[in-house]
Structures are given as C-alpha cells and as structure tokens.
Amino acid sequence: MSLTDVKIRTAKPDSKQYKLFDSGGLFLLVKPNGSKLWHLKYRYLGKERTFSIGVYPTVSMLQARQEREAVKKMLAEGIDPTQQRKTTRYKRMEASENTLESIARRWFEIKKGEDEHRERSLRRLELYAFPKLGYRPIQDITTLDLVSCLETVEKRGILETAHRVKQLLQQVFRYAVRKGLITHNPAGDLRDILAFPEKNNFACIHPSELSGLLKAMDGYNGDALTQVAIKLLAYTFVRTGELIGARWEEIDWARQEWQIPAERMKMKRGHIVPLARQTVALLESLKTITGHRDFLFHAPANKEKHLSNGAILGALRRMGYAGRMTGHGFRALASTILNEQRKYHPDVIERQLAHAERNEVRAAYNRAEYLLERKVMMQEWADYLDGVLANPDKVVRGVFPKEKTVKKK
C-alpha cells in the first residue's frame, strides 16, 4: 500500500528508527528524534544499494516519487545514481574553484615577482571584470560575455583601461587553456571590438604656457604630498613611475644625488639624478612628513603603498590642465627647452632623461656619464623654473641664452 500525506504527517517517532514503505523501493525513514528522511532502495550490478533523496517535508511525497522515477530512468540507461550524484557534486565543486576570479588570481600569483605592475593589473580586473564575470565558472564564459563586459568599460569613456582589461583577460584565458581548464579560448576572438583611443604622445603644454603651469602648481591647495610630487617632477623630469615609487634609501644626502636602482628604471639600468638646491629643500621638508616611511609619497588610503599616477593626473586636472599636461609632459617640456637653448650637448640632456643607449657596451658604463655637466644643468634648470615663476618673460630663453650665430661676410 502506498503512503499518504496523512500517514506521513501522523507518523510518530519511536525509541528505534523505523521505515514507512511507499512503492518501487521508496520509503520514509522515521528517526527517534522525529526527523523523516526519504530513501530509495535499488539494485545495481546485482547489489542492493540505498539512495538518499531528502528530508520531509522539505521534499514532499510527490517530489520524492518524481525523484524515484528519475532514478529508475538512470538505472535503465546503465547509470548508477549514487555515482552520478558524486560526479555532479564534484563538477559543481570544481566549477566553484575554477571561476574566472579564482583562475585569474592563480595566474597573478604565478606572475608574482615577474611583473612590477601586477597589483595594478589585478586591481583593474577587480574593478572592471570580476563584478560582472568573476563568480562565473571559467568554462561557462563565452565571447559574448567578454564583449559585454568590455563594452561596459568602453561606455564609461576609459578606452585605454578597456584595452588593458581586454589584454589581461586574454592572458588569463590563455593560462586556463594551458592548464586544461578549458578547451576553447573565448578571449581569442576579441580583436577590433573596442575603439582605439587617440594617441596624444603624453599631453604636454607649449613652453610659452610654462609660467601659468608653475603658478598653478605653486598655488595648488589640494593634497600637500601631491603638490610636492608635481614640483619634483618639474625639477627632476624623471618618469612619473620613477618618482611615485621613490624610496628614502635612494636619496644620497652627502652627494646630493637621487640614485634610482636598475629594477625601477624603464631601461633596467641604474640612474643618477643630481639634486638642485631647490630639490634638496623640497625633500628636506618632505622628510619631516614621510621620512619615517619607506616611500617618499605614500598613498592616502594605504601608507604602506606609494602614490598612484592617477593622483598626479588628478591634480593637473584640478589645476585646469586636463588633456593638456601629464606627468610625462614635464620630460618633454624639459627636453624641448634645454635643447632649444643649445647650451648643453644633446648627449648630456639625453643621459639625464635616461633614454635608451643604442650602444650596449657604452650603456653598461654610462650610469654616471656627463655627471658633472648634468649637476650644473640640473641646478640651472631649477633656477630657470624659479625665474619663470617670478618673471614669465623668461620662458624659453630663461637663463640659457641661445648661442649667437655669427654671419659669414
């Protein structure tokens, strides 16, 4: 006789557990504590086995019978329902472990120590990819999913970031293919889906606008550390990444030099920046604020990390120079003006800019090349900037008068 809802509801617990049988091997196990569990007896390869269905009333009598029919269908197809359940659970567990976010973090962990921009790259995915796709099993993500994610970033007007996110996703999916986690790489078909940002070769003002920029920098009322950072960019014209990652241990006060190690330089060669009096004065004032820390310029939210490039760009934007000036622009400005004045040999200027040396043998020995000339040039450059701030008419010629051209008779 089949069970009824009334019989199930009125079944009372006993001192020992007992079974209430339905039909087709389905039964309800009533335990001494009053709980009622659905089970199904079945035979597979000649052996009797029990398949757990669920707890009553969470699993109703109708649902238990439907599960019984599903099990019968599996048995008819030669499938052991217990083993099938284990396989399904394993796949679910594997899928939860192999989400896009977990695989990406695994890949970034492997890249640890190889990529100085690792944290910044991971942060991009945390901001622009993980919220939309991070929880998804990587094998379930399609090209359309990736396109939708990237187009969302593109619509925010941050094209350069969208392209960087695309590149990172392509690398993560290539890693997943190599590890056998997926057989098809959906990120391999993303070419030409994003517009390309217009190249501006690092926006830089014209030298005739220098006095206005210096005045804006001097009167900047934002974050004090950022103001000092921008002034140091102007005085030293190092790359922005070299400045914001500067450590106090790199400053040689006795020699009045900033010695940047090779691992922090774009060309992977050590670089010396002679410090003008104005630069030393800025550093001394800064030391009273951050001298007890590792970095000269710490991030506002995390004092164990350095300032971001975005802080420099943000300050220039607030000064009214959005799209017109960047941190890198100070390098272009210094190069233009110093070369225009023709007082220093181009090699001296190029060496101070730490540009690539074509001659590899010479490059190995030129870390301190022209150092005496560079010391003089950096002091006169700082004097020139101060002069332009005080007297805008000094722009371009400044303290570096052009050599007079003697006309041949």
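Here the structure is shown first, and the text comes after it.
### Section: the pattern of salt bridges
For the coordinates displayed, the defined rule picks out 19 salt bridges. Among the salt bridges present, the one from glutamate 69 reaches lysine 72, with a minimum N-O distance of 4.0 Å. Taken as a pair, glutamate 69 and lysine 72 lie in helix α2 (residues 61-76) at a separation of three residues, close to a single helical turn. Exposure remark for glutamate 69: the relative accessible area of 40% places this residue in the partly exposed category.

### Describing helix α8 (residues 159-178)
With 20 residues, α8 extends 29 Å between its outermost C-alpha atoms, agreeing within 8% with the 28 Å of an ideal straight helix rising 1.5 Å per residue. When α8 is considered as a whole, its buried residues turn out to be Thr161, Ala162, His163, Val165, Lys166, Leu168, Leu169, Gln170, Val172, Phe173, Tyr175 and Ala176. Contact partners of the buried residues in α8: α4 (100-110), α5 (118-128) and α7 (143-155). Positive phi appears at glycine 180, one or two residues downstream of α8, with a value of about 75°.

### Description of a positive patch on the surface
Among the surface-exposed residues, Arg106, Arg174, Arg178 and Lys179 lie close enough to one another that they form a single positively charged patch. The topology assignment puts arginine 106 in helix α4. Classification of arginine 106 by relative accessible area gives partly exposed; the value is 34%.

### What about the pairing of strand β3 (residues 36-44)?
Of the strand pairs in this sheet, strand β2 (residues 26-30) and β3 are connected by five bridges, and their pairing is antiparallel. Of the residues in β3, the one forming a bridge with leucine 26 is leucine 40. Taking the residues between adjacent antiparallel strands as the criterion, β2 and β3 are bridged by five residues, where glycine 34 takes a positive phi near 95°. Two elements, β3 and strand β4 (residues 47-56), share nine bridges in a ladder whose sense is antiparallel. Bridged to lysine 36 within β4 is tyrosine 56. As consecutive antiparallel partners, β3 and β4 are separated by two residues, and within that stretch leucine 45 has a phi angle of approximately 55°, a positive value.

### Observations regarding the side chain of arginine 331
With respect to the helices and strands, arginine 331 occurs in helix α14 (residues 329-341). No salt bridge is formed by the buried arginine 331; the nearest opposite charge belongs to glutamate 242, separated by 4.9 Å. At 2.7 Å, the side chain of arginine 331 forms a polar contact with the backbone oxygen of leucine 353. Non-local contacts of arginine 331, meaning those with residues more than four positions away in its chain, are made with Phe237, Val238, Arg239, Leu353 and His355.

Reading the values: the criteria
Each residue is numbered by its place in its chain's sequence as written, counting from 1. The model is predicted, so local features are restricted to residues of pLDDT at least 70 and side-chain atom pairs to those at 80 or more, both for listing and for counting; the totals for chains, interfaces and linings are taken over all residues. Only hydrogens and water are removed before side-chain values are computed, so all heavy atoms of the structure are retained for them. Salt bridges, as used here, are contacts in which a Lys or Arg side-chain nitrogen is within 4 Å of a carboxyl oxygen on Asp or Glu. Per the convention used, a helix needs a DSSP run of H or I reaching at least four residues, while a strand needs a run of E reaching at least two, with both numbered from the N terminus. For the exposure calls, accessible area comes from a 1.4 Å probe over protein chains only, and a residue counts as buried if that area is under 20% of its type's maximum, exposed if over 50%, partly exposed in between. Under the convention used throughout, the expected extent of a helix is 1.5 Å for every residue step, that is, one less than its residue count. Contacts are assigned to residue pairs that have any heavy atoms within 4.5 Å of one another. Patches were defined on residues exceeding 30% relative accessible area and lacking a salt bridge, with like-charge contacts within 9 Å and nonpolar side-chain contacts (Val, Leu, Ile, Met, Phe, Trp, Tyr) within 5 Å. For the accessible areas, the method is Shrake-Rupley and the probe is 1.4 Å, while residue cover comes only from the protein chains on display. Charge counting follows a simple rule: Lys and Arg are positive, Asp and Glu are negative, and His as well as the terminal groups are ignored. Where a charge sits is defined by one atom per residue type, namely NZ (Lys), CZ (Arg), CG (Asp) or CD (Glu). When DSSP finds at least two bridges between two strands, those strands are taken to pair. For the purposes of these results, a polar contact is taken to be a pair of N or O atoms within 3.5 Å, where, inside protein, one atom must be able to donate a hydrogen and its partner to accept one; residues adjacent in sequence count only when each atom of the pair is a side-chain atom.

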